[in-house]
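As a plain string of letters, each chain reads:
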Amino acid sequence: MEKTGYSFFIDFDGTITDMDVCATLVTTFAGDGWREINERWEQKELSTLECARQTFQLFSTHKAEDLQKVVDQAAIDPAFGDFLYFCKVKDFPVTILSDGYDFYIKHLLKREGLEVPYYSNKLLFTPRLDIAADHNSDECDLCGVCKLELLRRLASPNLQTVYIGDGYSDFCPARYADMVFAKKALYKYCLEEGIPVYHFNGFQDILDQLTAISKEASK
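Residues numbered from 1 in each chain as written. Predicted model: local features only at pLDDT ≥ 70, side-chain atom pairs only at ≥ 80, totals over all residues. Heavy atoms only, no water.

On to the packing of aromatic side chains. What describes a pair of aromatic rings is the distance from one ring centre to the other and the angle between the planes of the rings. The full count for this structure, using the stated rule, is 19 aromatic pairs. Taking the centre distance of 5.0 Å and the plane angle of 80° together, the rings of phenylalanine 8 and phenylalanine 83 count as edge-to-face. Here the residue phenylalanine 8 occupies a position in strand S1 (residues 5-10), and phenylalanine 83 occupies one in helix H5 (residues 80-90), the gap between them amounting to 75 residues. Each member of the pair, phenylalanine 8 together with phenylalanine 83, is buried. If you follow arginine 152 out to its NZ or CZ, it ends over the ring of tyrosine 176, 4.4 Å from the centre. (Phe/Tyr/Trp six-rings, centres within 6.5 Å; stacked < 30°, edge-to-face > 60°. Helix = DSSP H or I, 4+ residues; strand = E, 2+ residues; numbered from the N terminus. Buried < 20%, exposed > 50% of the residue type's maximum accessible area, 1.4 Å probe, protein only. Lys NZ or Arg CZ within 6 Å of the ring centre and 35° of its normal.)

Spelled out as structure tokens, the structure:
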């Protein structure tokens, strides 16, 4: 059966937002040593849970209100609302897959009046910061949220699976998507691995590319 529509799976930090919110929280509040911890995570020597817990120990504050001030500095891509409207009209499902935290994803979506289902880690205030990973994999513990397993479980057999992202936690799902839009580390990875990919800077680029693909298909 020919797949005539799209099912979108989208990273949050640095993809929907103009900045990596999680990384900004770390650079703002974590003391010396966080870079080494992050490098070990990028090299897959530490899982997301191990990286987060070690980094949280370096935080100068564990108060939600302090973190909230940084979160409020983040902006949503100006064309993301138009993208969601496009998907609503076409009846294309959209799901956010994030290895970040519900704490700021929920807040920023609500602030913008956007309703999008999402899967993420939970940021716990106990009162010290901790992480709960309800969507990790039993087979691989590198990510707190296994985007690959979620993509496979939620994808529709009648729709093309489209992945949109920018970072390290997006590598696995990008390998199994029918179509990939990428920037930064994910774009470089796709090029190196020979994964067909469209580059984007913002969601207007994605809308334009989808329009071009539609026109080409109708010829």
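Having seen it, we continue.
Turning next to the pattern of salt bridges. Taken as a whole and judged by the stated rule, the model has seven salt bridges. Here glutamate 112 makes a salt bridge to arginine 111, at a shortest N to O gap of 2.9 Å. Given the relative accessible area of 37%, glutamate 112 is considered partly exposed. In this structure arginine 111 comes out as partly exposed when scored by relative accessible area, which is 35%. In this structure, the salt-bridge partner of glutamate 193 is arginine 175, at a minimum N-O distance of 3.3 Å. Remark: arginine 175 occurs in helix H8 (residues 171-176) and glutamate 193 occurs in helix H9 (residues 184-193); sequence separation between them is 18 residues. Given the relative accessible area of 42%, glutamate 193 is considered partly exposed. Residue classification places arginine 175 among the partly exposed residues on the basis of a relative accessible area of 44%. Taken together, the shared-partner salt bridges connect Asp11, Lys147 and Asp170 into one network. (Salt bridge = Lys/Arg side-chain N within 4 Å of Asp/Glu carboxyl O.)

All right, on to the pairing of strand S3 (residues 118-125) then. Consecutive residues of a regular strand have side chains that alternate between opposite faces of the sheet. As judged from the three bridges shared by strand S2 (residues 94-101) and S3, these two strands associate in the parallel manner. Counted as the bridge partner of isoleucine 96 is tyrosine 118 from S3. Judged from the four bridges that link them, S3 and strand S4 (residues 129-132) form a sheet pairing that is antiparallel. Residue pairing for S4: phenylalanine 125 is matched across the bridge by leucine 129. Following S3, the chain reverses through three residues before pairing antiparallel with S4. (Pairing = 2+ DSSP bridges.)

Time to look at the layout of surface pockets. Considering only enclosed or pocket space, the largest pocket measures out at about 740 Å³ in volume. Taken together, 33 residues form the lining of the largest pocket, with Asp20, Cys22, Ala23, Asn38 and Trp41 sitting closest to its centre. Broken down by secondary-structure element, the contributors of at least two residues to the lining of the largest pocket are helix H1 (21-29), helix H2 (34-42), helix H3 (48-56), S2 and H9. For the lining of the largest pocket, the class distribution of residues is 15 nonpolar, nine polar and nine charged. Counted as a void, the second largest pocket has a volume near 450 Å³. What lines the second largest pocket is a set of 20 residues, and nearest its centre among them are Lys44, Cys140, Leu142, Cys143 and Cys172. Only H2, helix H7 (147-154) and H8 provide two or more residues apiece to the lining of the second largest pocket. (1 Å grid on protein atoms, 1.4 Å probe; cavity = no way out; pocket = protein on both sides within 12 Å on 5 of 7 lines; lining within 4 Å. Points joined across faces, edges and corners; volume = space filled by probe spheres on them. Nonpolar A, V, L, I, M, F, W, Y, C, P; charged D, E, K, R; others polar.)

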